[in-house]
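Structural features, examined
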Amino acid sequence: MFEREEQVVERIITLLRQPVGIDPALDRRVMDEIAALRTATHSGTVWRWVAPLAGLAVAATVLVAVARSAGPSTQDLQFVLVAPQAATVSLVGDFNDWDAARTPMRPLRADGPVWSAVVPLAPGRYHYAFLVNGSRWLADPAAPAASDDGFGAPSSVVTVTGGRGT
Amino acid sequence: MRFAAVLALTFATQAQAQEPRLERLDSAARAPVAAVLDSARAAGLPVEPLLQRALEGTIKHAAPDRVVAAVRRLAGDLGRAREALGVSAAPAELEAGAAALRAGASPAVLAQLRRARRQPLTVPLAVLADLVASGVPVDSAASAVLMLAGSVRDADLIEFRRAVERDIALGASPATAATADAPTSLNATARPRSAAQPRRP
């Protein structure tokens, strides 16, 4: 007669996993950008996942995707930032000595909102962030947050496995 | 006492000379950070994560004392991680272990993971830290990762973390998401690949 607790939880989770309705126009805009992105990247690119659209609410949506193997022990990771108002964007992290000049991101289309950079990374756990217009720090809303060291600006974490990163 | 201070300053100066990236640090942070790097090097701990933490604080314009404190804290965590994981632990494992400890995992959990998994522990430890960062209580995160670590691949652990984050984003409580998704990941791994069912979006 009464459901076990596990069954109730399972039913709730099933309900929570139901797709959420999204404005079709928004869907189309995002898919157009992704199509442009796919065209601009290496032909062997495999898109593992696309960041949740929730990030749009903070004026930028960030994607991280595995592109292709760069060697026997490294993976090319593509970092993508949608930042319509940005004039410059830099990718900074443990992998480039936190040097804003080392990895400038480039728009995929002239005056387009999608910025991209590809970085070869060996397996490991890395902290990173985006520096927009030389002064605004932006963490990746679709990636785990790095621990706060009281530095006053957020960072994200990417973990690279032997086969892929996230 | 004075001799020890001079000795420490000498080592710090040598470390600065050996590591040009220290020049990017604020002058007030340079010598203390160099001293931490030197101590870590002498203790056989990885130095690169410490330097990266100092560079991160510097580019973010953190106060020098915060930068030094963060580097010292990380050096301590790396040392505790090595005690728990063993002297043969790889630098990447120690770095991930330090993150897990910082997230609140106990050294005993790290030691259990070492016993449970023959493969490198970098990804399990990173997933543990990331789950806690997502709001999963540390005990729930540790139980889930321990359940999976002995039998699943790194990629499955990453997928488990994504599933938990997805469920949290859809409104599940973090603890429930971790508890409910761990057996699913385990079963998916145990099942033949061809028979595995795709997850719902």
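Residues numbered from 1 in each chain as written. Chains lettered and ligands numbered in written order. Predicted model: local features only at pLDDT ≥ 70, side-chain atom pairs only at ≥ 80, totals over all residues.

**Thoughts on the overall build of chain A**
Keep this limit in mind: Put simply, DSSP marks the helices as runs of H or I at least four residues long and the strands as runs of E at least two long, and each gets a number from the N terminus on. We call a residue exposed when 12 or fewer other C-beta atoms sit within 10 Å of its C-beta, buried when the count reaches 20 or more, and partly exposed for counts in between; the C-beta positions come from the backbone. Contacts are defined on C-beta atoms placed from the backbone: any two residues whose C-beta positions lie within 7 Å are in contact.
A count of helices and strands for chain A gives 2 helices and 8 strands. Listing each helix as α and each strand as β along chain A from the N terminus yields α-α-β-β-β-β-β-β-β-β. Residues classed as buried in chain A amount to 36% of the 166 residues present. Across chain A, the fraction of contacts at a sequence separation of at least 24, relative to all contacts at a separation of at least 6, is 56%.

**What about the overall build of chain B?**
If you tally the helices and strands in chain B, you get 10 helices and 0 strands. Order of helices (α) and strands (β) in chain B, N terminus to C terminus: α-α-α-α-α-α-α-α-α-α. Per-residue burial for chain B yields a buried fraction of 50% across its 201 residues. In chain B, 63% of the contacts between residues at least 6 apart in sequence involve partners at least 24 apart.

**Here we look at unusual backbone geometry**
Residues and elements named next belong to chain A. Backbone geometry places W98, a non-glycine residue, at a positive phi of 50°. The residue W98 is located in the loop between strand 3 (89-93) and strand 4 (106-107) in this model. In the Ramachandran plot, D111 falls in the positive-phi region, its phi being about 60° despite a non-glycine side chain. With respect to the element layout, D111 can be found in the loop between strand 4 and strand 5 (114-121). Owing to 6 C-beta atoms within 10 Å, D111 belongs among the exposed residues under this scheme.

**Here's the deal with the pairing of strand 8 (residues 156-160) of chain A**
Residues and elements named next belong to chain A. Heads up, the condition is: Strands pair, by our definition, only if DSSP identifies at least two bridges between them.
Across the 5 residues of strand 8, 5 count as buried, placing the element largely inside the fold. Judged by which residues are buried, strand 8 turns out to be covered on both faces: S156, V158 and V160 on one side and V157 and T159 on the other are all buried. Here strand 6 (residues 124-132) runs beside strand 8; their pairing, made up of 5 bridges, is antiparallel. Bridge pairing in strand 8 places Y128 opposite S156.

**Considering the interface of chain A and chain B**
Counting from both sides, the interface comprises 33 residues of chain A and, opposite them, 36 residues of chain B. Of all elements in the fold, only helix 1 (5-16), strand 6 and strand 8 of chain A reach the threshold of two or more residues within the side of chain A that touches chain B.

**Side note on helix 5 (residues 91-103) of chain B**
Condition: In this analysis, the expected span of each helix is defined as 1.5 Å times one less than the number of residues it contains.
The end-to-end C-alpha distance of helix 5 of chain B is 18 Å, a good match for the 18 Å that 13 residues give at a rise of 1.5 Å each. For helix 5 of chain B, the tally of buried residues reaches 11 of 13 residues, placing the bulk of the element in the interior. Regarding helix 5 of chain B, the residues found buried are A92, E93, L94, E95, A96, G97, A98, A99, A100, L101 and R102 of chain B. Residues of helix 5 of chain B that are buried make contact with strand 6 of chain A together with helix 3 (48-59), helix 4 (64-85), helix 6 (107-116) and helix 7 (122-133) of chain B.

These results come straight from atomic positions and should not be treated as a statement about function.
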